[in-house]
Each structure stands twice: as C-alpha cells, then as structure tokens.
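Working through the structure, step by step
One-letter residues, chain by chain:
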Amino acid sequence: MRRSAAPSQRLGNSAKKPRFIPPGKNNTICLKKENEQLVPEIKLTEVEEKQQSGSGHTRALSRICGININSTQSVESLGEISSMEKCNGENECKAAGMKKVNRTKADPVHVPTPEIARHKKEEDEPDCLAKYFSVVWCKASKKKHKKWEGDAVLIAKGKSVILKDMEGKDIGRGTGYKFKDLESLDEGQTLMIGGKEIEVMGIISAEDFSSGKCFQTGVGMSTTVPIASSQSTLKPFCSPLKNVCKPSTKENLLKESQNYKPRHDPNASNSLVMPRPTPDHQRTFNKAGLPVVDVVVDPYLVNHLRSHQKEGIVFLYECVMGMRLSGKFGAILADEMGLGKTFQCISLVWTLLRQGLYGCKPIIKRALIVTPGSLVKNWKKEFQKWLGSERIKVFTVDQDNKVEEFINSPLHSVLIISYEMLLRTLDQIQTIEFNLLICDEGHRLKNSSIKTTTALVSLSCERRIILTGTPIQNDLQEFYALIEFVNPGILGSLSTYRKIYEEPIIQSREPSATKEEKELGEKRAAELTRLTGLFILRRTQEIINKFLPPKKESILFCRPTALQLELYRKLLSSRVIRSCLQGVLENCPHLICIGALKKLCNHPCLLFNAIKEKQCNPTCDESEESNLYEGLREIFPQDYTSTTFTETDSGKLQVLAKLLAAIRELSPSERIVLVSNYTQTLNILQEMCKHYGYSYTRLDGHTPISQRQQIVDSFNNKFCSAFIFLLSSKAGGVGLNLVGASHLILYDIDWNPATDIQAMARVWRDGQKHTVHIYRLLTTGSIEEKIYQRQISKQGLSGAVVDLSKTSEHIRFSIEELKNLFILHEDSSCVTHDLLECNCMGKKDHQNPSSEKLPVYRGCQLGQHHAKADSKKPLSMSQLMQWKHFSGQHQTLADPFLERIKNNISFIFQNVTNPAIPTS
Ligand SMILES: Nc1ncnc2c1ncn2[C@@H]1O[C@H](COP(=O)(O)OP(=O)(O)OP(=O)(O)O)[C@@H](O)[C@H]1O
Ligand SMILES: [Mg+2]
C-alpha cells in the first residue's frame, strides 16, 4: 500500500491539507469557514450545479471502463442530496467538491468557480474521455490528521466518478461534479466521493487502466527488467576490484583481488556468465558493500548445455535473484516435455550452491527438490549424469534414507523428496532452512488449498521454481494458484485477480461479448501475459526437434471383430443408453455406458469380466450397470471364459499382435513401449506377451515407487533383454525417459489429449538414437474414433482440457454429444476421414502422393508438405488433413511395419517429423 506516499503525509503536515467541501450549501458554508481558518489562502466558491441526468455519463463510463452499471443505479440528480449524510450508504453519493492541496504559500491556488454558462457546452459533452487517477482514500471526517485507509483507482468522466479499490471492486461513486473540476483533477487534489475522501496521488494512463496494470500492487512497472539475451550474458570479465566498496588502500585491493575471484573464467570462450546486478539490486542485497563478482556457470556443464538451456538458466537465475521483479523470487519453467528442465535446474542449483555475486558468498546453502515419486531417483541420476558423484552429494528420501540423516549430514546440500513423502515428513522438513525450492511436475499445485501446496508454502522459502511440461494457462483459476505459489501477491488477492483479469477475459470470450468487452478482455489478457511472462518461460519442442531423430506417427483404424460388433450393437440398443439419450436418468449412467464401450473396444473379455462381476455381486445402487449388461452374456460363446486369452476377439489386439511380430522380425534390436490407461488392459497385453514369448517389463500404478527408476534404467540399458515395456501412462508416465524403445504403441485413447501426448513424449526425446515410430490404435467406427475426434476438434484445440487429472467424469456431455458418441458406424472405413470431407473419400487411396500428380482440387493431396505441427499440442482437424492418409486395402504400403498389418486396418493417417535427418 502506498499510503505513506500521500503528498499530505509526505509533507508531514496533514493539518495544512485543505479539507473536503461537499457542494451542499450548508455544509459548504460551514466547511468553508473552517477551511478558511485552516487555510486562509484558499477561497471556496459555492458550487452551483444544475440538476442533470447522469445516466448518459454512466453508460458512457460503463462502456469505457467495462463496468456494468445497473440501470437502477443510474446517477440521480444533485438536488436530491443536500448533504453527505443523505448519501445512500458509502458507495453511492452524488455531490462532491474539491480543491487543491496547499503545499506552500507560493503554490498557485486552485479556486473552482462555477462559470456554468460559459462551460455549459463542455459540461454537457457526453463523449468526453475518462481519466484515471491513483488515489488514497479514507472515511470522510473533519479530523485534521488524515489516516489514509487504502489505495484506490479513481475513474473520472464528465461529471461522474467511480472509485475502485485495488481489487477492482467499486467502493464509491459520485456525480454532479463540475466537469471542469474533474477535467483538471491533478496530483494533490482531494475529492469527496460518498462518505469517502480521496487524495490524488498521480495520473494513470488509459493504457495502464485498461490493461489492469494500475491494480497491480507491490510490483512497479519500472521494477522489471528485460530478458537478458544470451549474448548479454557473455560479458567480459570485470575486475572485482572495481566494485569494492571498502577504502581502496593498496593493501585492501590486493587482499580482495585474491579473495574475490569468479569461480570460473568469465572470459573463456563459451563461458556462460550470469547477468550482473543493477545498482538497485546491490543497494537492496549488498548492504555490506561486498565486491560484486561474476557468477559463471561451470564450464563442465556449459559444454553440454543446449542454447535454449543456457537461456533458461539465465532466466531462472534472474528470477530467483529478484532481478526480474523486485521483491519476487519465483519462476515457472514450463518448457515442453523433454527440453531438459531437469538439467537446467541442476545447472542452476550447482551454480547457486557454489558461487555468489556479492563477495563470492554462496547464494544458497540448501536446495529442496520435490518431485513425483517415480522421478526421485531420476533426479539423482541426472545429478550424477551431469555433475558426477564427486562434485555434489544429493540426498534422496525413501524408506531407507530418512530426513534426519540429511539434517545431520554436512555433506549433502540437495534434498530430493516425493510429494507424498514430503507430506509425511513435513515436521522435519520444516526444521531445515532451504534457500531454493524446486517443484517438478508442479502443475499439481494448481489448487492452493490442497495439502501439498499448503505444506510447501509453509516452508517459507522464497525462491520457488515450478517445473511443468503441461500447459498451464488454460484455466485461469489454476493459473492464479501456480503464480501465487511462486510469486505470492504478484497478481493481488484472488478477488482482485478475478475482477481485474479473469472476469473481463472470460467475459470477452463469450459469444455475446460487446466490442468494448472484447477489447478490455484482450488488453487484460495481454497484460496478464506480459506480467507473468516476466517469470514464466515456455519453449516448445520445435527448438529441440533438430537434435532428435525422425518421428513417424501412425493412426491405425482397426476393424472390430464380429463379436465386438454384435456386443456393441446390443449395448447401444440397451434401455440404459436409450434413457441416457432422452436425458431421463440421474447419476451419470452415461459414464457407465462409455466405460462399457471402451472396454469392449479394448477386448470383449473385459466386458465379460464386468458382466460376471455384476452377476456375482449385484448391488442395488449400481442397477443401471446390471441393466446395461442385460442380454450380453448370451452373445458370448457358451464356453467363453475370461482366462482363455484370444486375440481373435479384438480388432485392436489382432493388429497389435501382428505389429509386434513385424517389429520383432524386421527390427529385432528395437524395443517397444506399450501404453494403456487401464490396468486390466495391461493384464491382457501382458498375457499376450507371455503367449508369444516376448520378454517384457511393466510399470503401472501398483509398481512400488522405489522400484520404478530401476525398471526404467534397466529397460533403457541396451543390453536389457525386455522387448516390451508395459506402461500405464496415467499411473507413472509423467517425466519418464524411455529412450531405450523406439516404437511406442498407444493401445487406448484418453479423453484428455495431454495424457496421450505425455505418453508419446517418453520415447521421442533427447537421447533417442533411432527413428521413432508411434502407433495409435483406434477401433473403426466406434466410440474411440469419437474420442479422438473430440481430442482434435475445436474443443480439444482451444486447449481448455489440457490437464492430466481431467477424465470423462469432468466432461459434460450434451444430449447431442451423447447421441453422437453412442452411434456405431459400421459401414465406414474411417469416420474421422469422412468428417474431413476430403475429396478422395471412397475413390482413391493416397499412399505416396509425391509420386503421383493429383489434381489441385483434392483436399487430401498431402505430398511432402507436412503441417508445421507442434508435436506437443493436440492436432487439429485441418492439420490431420495434411497427414498422409490411405486405406488399408492399398496394394503395397511403403512402411514395412504397416504393410504387415494392413489387412486388419481399415484406414491409416501418417505423418513424419524431421524426415530429413538420417536415421542411425
Ligand atoms: N543438453 C543435453 N544434451 C543431451 N541430453 C540432454 C540434454 N539436456 C537434457 N538431456 C536429456 O534429455 C532427457 C530429457 O530431459 P528431462 O527429463 O530433463 O526433460 P523435461 O524437460 O524434464 O521433460 P518432462 O516434462 O517430460 O519431464 C534426459 O534424459 C536428459 O538427460
Ligand atoms: Mg521432467
């Protein structure tokens, strides 16, 4: 709050400050008298105002400020109120007066005079521009010593004013002021609004108001510094002697030159030097006046760092050093998956632990890294990978390694712990002073009230970094929570944020938004991006693509088997689904129906199991499910059992079996990650591995955290015998490196594209040596196609659902959508392709368009022009259109793996990223 900066208080003579004079005659006279006594040089003239309607102003104001003013709140006539006491509450009052603060005797005195006739035209002008002021306010009183209660923003337009607190809430309104007075309102002037008195602190530009900047407290716009370019970081060595603030005796200089040397040579070629502190920074953080020494990243690391990683380290350094925003030390590194966030953090931690810009004093002593359980060991491994085991000792907490050991160990300066373990050992962790906190996969902190967030906040470590590869800007509330975690207070309180940013931004996106609302929303969004951009860094996969081998993605539409079709039809004709479509059932039975269809697509035996289970344990509260299964058991063969594994019952499993065989035969040294979101499906896939004698390893939600890294490591080892890695993507996929495999098969599809994208990123990442093949299996014409379409349709694209925790339960379906979901398209070879309205449909396949000159009108002529798709974002329909696409009945397919399985496939979309880079 800027209270103390009020001119009246700055001058330390509030008694001299002229008092507010309301325009009511009696008051005016009495206050005038008082005023004259206090400030003899100010003369007040009685305010003569004509009754007027303010509604025009109000509307104009609401247009400009984007404030909804209820018509019942329209400004009333001045004559209705004769004194302040008559004001209707504090927030609504129409009469006011003003005068200029008398600071010195020599100051010109502002004497408002009526001159109504002369200014009539001016005053009636409804389209005059709004002006904005930063002000301080307090309750109106006759006290000599004002005690300002808060900062506020004043909007003056025509003859009306609105006072907003720093959360953007209206706290006062008034009208009936003199147009001229509001026009000439300036710093130091006071004004009465309702029961409040304000003093103008300064003028706010229209830009700063509409962007919402003026509501930002605690962070001056001038406190920000531009992002340092990588070049600017490569500064020549600057002798630390220059900055010594001690007496420059020869002796001192010599001594200090020996003591205060950068740890690494900033002049060396390829050196990465951190930005030097500004004088302001030095004043705040170097009170002892120690010499300023260059902080230089260990060349051992720099040799391995990619250029985006160097920039990322500089960015993180500036953030945690409070160089980007004064008084704020947090950052969000939101680089897309696989860009090496871990390595960037390790470089930062190592630099901060060993070096200091002021007198070489290490910037941090201890760092805490909190990460999902499955990544604890990976962090340790990465520390060892980049720094070896000699330079630094990191401590990981698990069953055998307790926090006490870390507390008592002088050797360890980095503690790595899982979120779960953190909660369990919070009491002990709280006793340790950490100077840097890194939260990996930190999008989980999006809810400020969850235990984990509360626990982390309780650690009182100001330097906080969130790492996340998942986009975070889609949900404004969650976005706020993450920002509030790293840089508390930067966006004001939650209610401020809602008023200033969230509401206008959301409002502007409504189809019914007016032009003004759209403009305001855009400006607020732009300002939010600007402000948060100072401490959020996100780079996309493209920057690393050039270091990666080619990636071939294929979407395989697998024909359902006869058994699947029959069961599917039966399910769709069930009473439950019919009632769902009429919207007459409660308790979301559509979720049960969707679940049953998805199971069926994976393998009919999953549905069989569910039916059997229901028959064995019927519970009345789940009767919808029993109803749904009515008559299904009869469709299965008499001797069907869930233990007799057979791939012939599932279209996708048939394709999978052939695909695995093809890979085994054609690329015997290459390995596969096989992903499903369901444990039961993974069981089936595991059975299949056994059946065919494929060696496998498995990681799912049941795998003990302590074993996960070991499973990953041994799989990535080139001597590992496991051919297949069975992975439950939701349970443990995030952050894992599975570069030991070069084929990844997504057996089922999730509602949330982010889950699938996460899984795919496990294989195509730094360290991958082979061409990567990604296959997504979808059952033709089924609900899986619909889910896929939803992923790539507008909804998926607008990015609203890019949150790993969101499942179908969080998705609302309209009856129309459900109708669409519950259709089986039996006569289409690819409904998704049908939807593209591609001209080739049903006429001709396109396998190798480059060798074929196709007429221009063909929408599906794809050629070599691959869409410049961001591999980490959901595809759009139009991007999909750019992919090669062809039916499985094509004579010969260029892809040898697909050639082997084409008979079971009705359609294929395929795209190659990085085709130019030769494979190894
Ligand atoms: N400069 C580099 N040179 C070689 N390998 C690198 C480099 N930077 C990172 N890597 C490797 O790339 C892989 C991915 O890095 P990392 O796990 O840090 O990615 P990430 O950004 O955390 O991704 P995610 O969001 O998936 O967790 C790791 O195996 C890491 O060792
Ligand atoms: Mg990571």
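Note that this is a predicted model, so its numbers are computed, not measured. (Residues numbered from 1 in each chain as written. Chains lettered and ligands numbered in written order. Predicted model: local features only at pLDDT ≥ 70, side-chain atom pairs only at ≥ 80, totals over all residues. Heavy atoms only, no water.)

**Considering the overall build of the protein**
- Counting its regular elements, the protein contains 37 helices and 22 strands.
- The burial tally for the protein puts 56% of its 920 residues in the buried class.
- Long-range pairs, those at least 24 residues apart, make up 74% of the contacts in the protein between residues at least 6 apart in sequence.
- Total accessible area on the protein stands at roughly 39700 Å², and carbon and sulfur atoms take up 51% of it. (Helix = DSSP H or I, 4+ residues; strand = E, 2+ residues; numbered from the N terminus. Buried < 20%, exposed > 50% of the residue type's maximum accessible area, 1.4 Å probe, protein only. Contact = heavy atoms within 4.5 Å. Areas by Shrake-Rupley, 256 points an atom, 1.4 Å probe, with all protein chains shown as cover.)

**Re helix α23 (residues 575-582)**
- Those residues of α23 that sit buried are V576, I577, S579 and C580. For α23, the angular spread of buried residues about the axis comes to 160°, placing them on one side.
- Contacts made by the buried residues of α23 are with α22 (562-572), α24 (589-602), α26 (623-628) and α34 (815-821).
- Where α23 terminates, the next one or two residues include G583, which has phi positive at roughly 70°. (Arc of directions from axis to C-beta.)

**A short note on the sheet that holds strand β15 (residues 551-558)**
- Strand order in the open sheet made by the eight strands is β17-β18-β16-β19-β20-β15-β22-β21, with mixed pairing throughout. The open sheet has two edge strands, β17 (696-699) and β21 (884-887), and neither has a second partner. Along the sheet, successive strands turn relative to each other by an average axial angle of 15°, direction set aside.
- In this sheet, strand β18 (residues 724-728) lies alongside β17 in parallel orientation, the contact comprising four bridges. Its bridge partner being in β18, L699 is matched across the sheet by L727.
- Sheet contacts for helix α29 (residues 705-716): β16 (672-676), β17 and β18; angle to β17, the most-contacted strand, approximately 145°. (Pairing = 2+ DSSP bridges. Axes fitted to C-alpha atoms, helices over the stretch in contact; angles between N-to-C directions.)

**Some details on the site of ligand 1**
- Around ligand 1 sit 19 residues, and of these G338, T342, E382, K385 and R765 come closest.
- One nitrogen or oxygen atom from the main chain of G338 is found 2.7 Å from an oxygen atom belonging to ligand 1.
- A distance of 3.3 Å is found between an oxygen atom of ligand 1 and a side-chain nitrogen or oxygen belonging to N737.
- Relative to its unbound accessible area of 630 Å², ligand 1 is 92% covered by the protein chains.
- Elements with a contribution of two residues or more to the shell around ligand 1: α12 (341-354) and α13 (376-391).
- Partitioning the shell around ligand 1 into residue classes produces four nonpolar, seven polar and eight charged.
- Two domains each put at least three residues into the shell around ligand 1: domain 2 (222-298 + 308-365 + 435-539) and domain 4 (650-913). (Near = heavy atom within 4 Å. Polar contact = N/O pair within 3.5 Å; in protein donor to acceptor, adjacent residues only side chain to side chain. Nonpolar A, V, L, I, M, F, W, Y, C, P; charged D, E, K, R; others polar. Domains from an automatic or database assignment.)

**Focus on the packing of α24 against helix α32 (residues 783-792)**
- Two elements in contact, α24 and α32, have axes separated by 9 Å at closest approach and are oriented at 110°. One finds that α24 runs roughly perpendicular with respect to α32. Note on element contacts: α32 touches α24 through I783, E784 and I787, opposite I594, L597, K598, C601 and N602.
- Classifying every residue of the contact of α24 with α32 by side-chain character gives five nonpolar, one polar and two charged. (Parallel < 35°, antiparallel > 145°, perpendicular 65-115°, else oblique.)

**Some details on unusual backbone geometry**
- A positive phi angle, near 70°, is found at N270, a position not held by glycine.
- In the Ramachandran plot, C360 falls in the positive-phi region, its phi being about 60° despite a non-glycine side chain.
- For C360, the location among the structural elements is in the loop between α12 and β9 (367-371).
- On the accessibility criterion, C360 (23% relative accessible area) is partly exposed.

**Structural notes on the packing of α23 against α24**
- Two elements in contact, α23 and α24, have axes whose closest approach is 9 Å; the angle formed by their N-to-C orientations is 130°. Classified by the angle their axes make, α23 and α24 are oblique. As α23 runs across α24, the sense of the crossing is left-handed. Counting all contacts with α23, which are made through V576, I577 and C580, the residues of α24 involved are P589, H590 and C593. (Left-handed = near helix turned anticlockwise from the far one by under 90°.)

**Here's the deal with the sheet that holds strand β10 (residues 394-396)**
- Read from one edge to the other, the open sheet built from seven strands follows the order β10-β11-β9-β12-β13-β8-β14, with strand pairing classed as parallel. If you trace the sheet from one side to the other, it starts and ends with β10 and β14 (536-537), each paired once.
- Inspection of the sheet shows strand β8 (residues 331-333) paired to β14 by two bridges, in the parallel sense. In the strand pairing of β14, L333 is matched with L537.
- Where helix α18 (residues 476-486) meets the sheet, its contacts fall on β8, β12 (436-439), β13 (464-467) and β14, and the angle it forms with β13 comes to roughly 145°.

**Description of the pairing of strand β11 (residues 414-418)**
- Of all five residues that make up β11, five are buried, and the element is covered over most of its length.
- Side chains V414, I416 and S418 project from β11 onto one buried face, and the interleaved L415 and I417 project onto a second face that is buried too.
- Relative to β11, β10 runs parallel, the two being bridged by three bridges. Opposite T396, over in β11, you have I416 as the bridge partner.

**Focus on the side chain of T913**
- By the element assignment, T913 lies in strand β22 (residues 905-913).
- The class for T913 is buried, based on a relative accessible area of 16%.
- Once you skip the residues sitting within four places of it in the chain, T913 turns out to touch N545, P550, K551 and W764.

**Regarding the confidence of the model for the protein**
- Predicted confidence across the protein gives a mean pLDDT of 76, with 73% of residues reaching 70 or more.
- Here residues 218-247 scores under 50 on pLDDT; set against residues more than four positions off or in separate chains, the count is 63 contacts.
- Contacts from residues 794-809, a stretch scored under 50 in pLDDT, to residues over four places away or in other chains number 43 contacts. (pLDDT = per-residue confidence, 0-100.)

**Quick word on the pairing of strand β6 (residues 190-193)**
- Side chains of β6 alternate between two faces, with T190 and M192 and L191 and I193 buried alike.
- Counted between consecutive antiparallel strands, the loop separating β6 from strand β7 (residues 196-204) contains two residues, among which G194 sits at a positive phi close to 60°.

**Comments concerning the packing of aromatic side chains**
- Under the defined criterion, the tally for this structure stands at 17 aromatic pairs.
- A centroid spacing of 4.7 Å and a plane angle of 35° characterise the contact between Y480 and Y497, whose relative ring orientation is tilted. With Y480 in helix α18 and Y497 in helix α19 (residues 494-509), the pair connects residues that are 17 residues apart, well separated along the chain. Across the pair, Y497 and Y480 agree in class, each one buried.
- Every member of this aromatic cluster is reached through a ring pair, and the members are F395, F406 and F434.
- For the cation-ring pair, R664 lies above F723, with the distance from its terminal atom to the ring centre recorded as 4.4 Å.
- Directly above the aromatic system of F715 lies the positively charged group of R671, at a separation of 4.8 Å from the ring centroid. (Phe/Tyr/Trp six-rings, centres within 6.5 Å; stacked < 30°, edge-to-face > 60°. Lys NZ or Arg CZ within 6 Å of the ring centre and 35° of its normal.)

**Overview of the pattern of salt bridges**
- By the definition in use, this model includes 26 salt bridges.
- Here E817 and R790 are joined by a salt bridge, their closest N and O atoms 2.9 Å apart. Highlighted residues: E817 in helix α34 and R790 in helix α32, separated in sequence by 27 residues.
- On the basis of relative accessibility, which here comes to 26%, the residue E817 falls in the partly exposed class.
- Connected through shared salt-bridge partners, K164, D170 and R173 make up one network. (Salt bridge = Lys/Arg side-chain N within 4 Å of Asp/Glu carboxyl O.)

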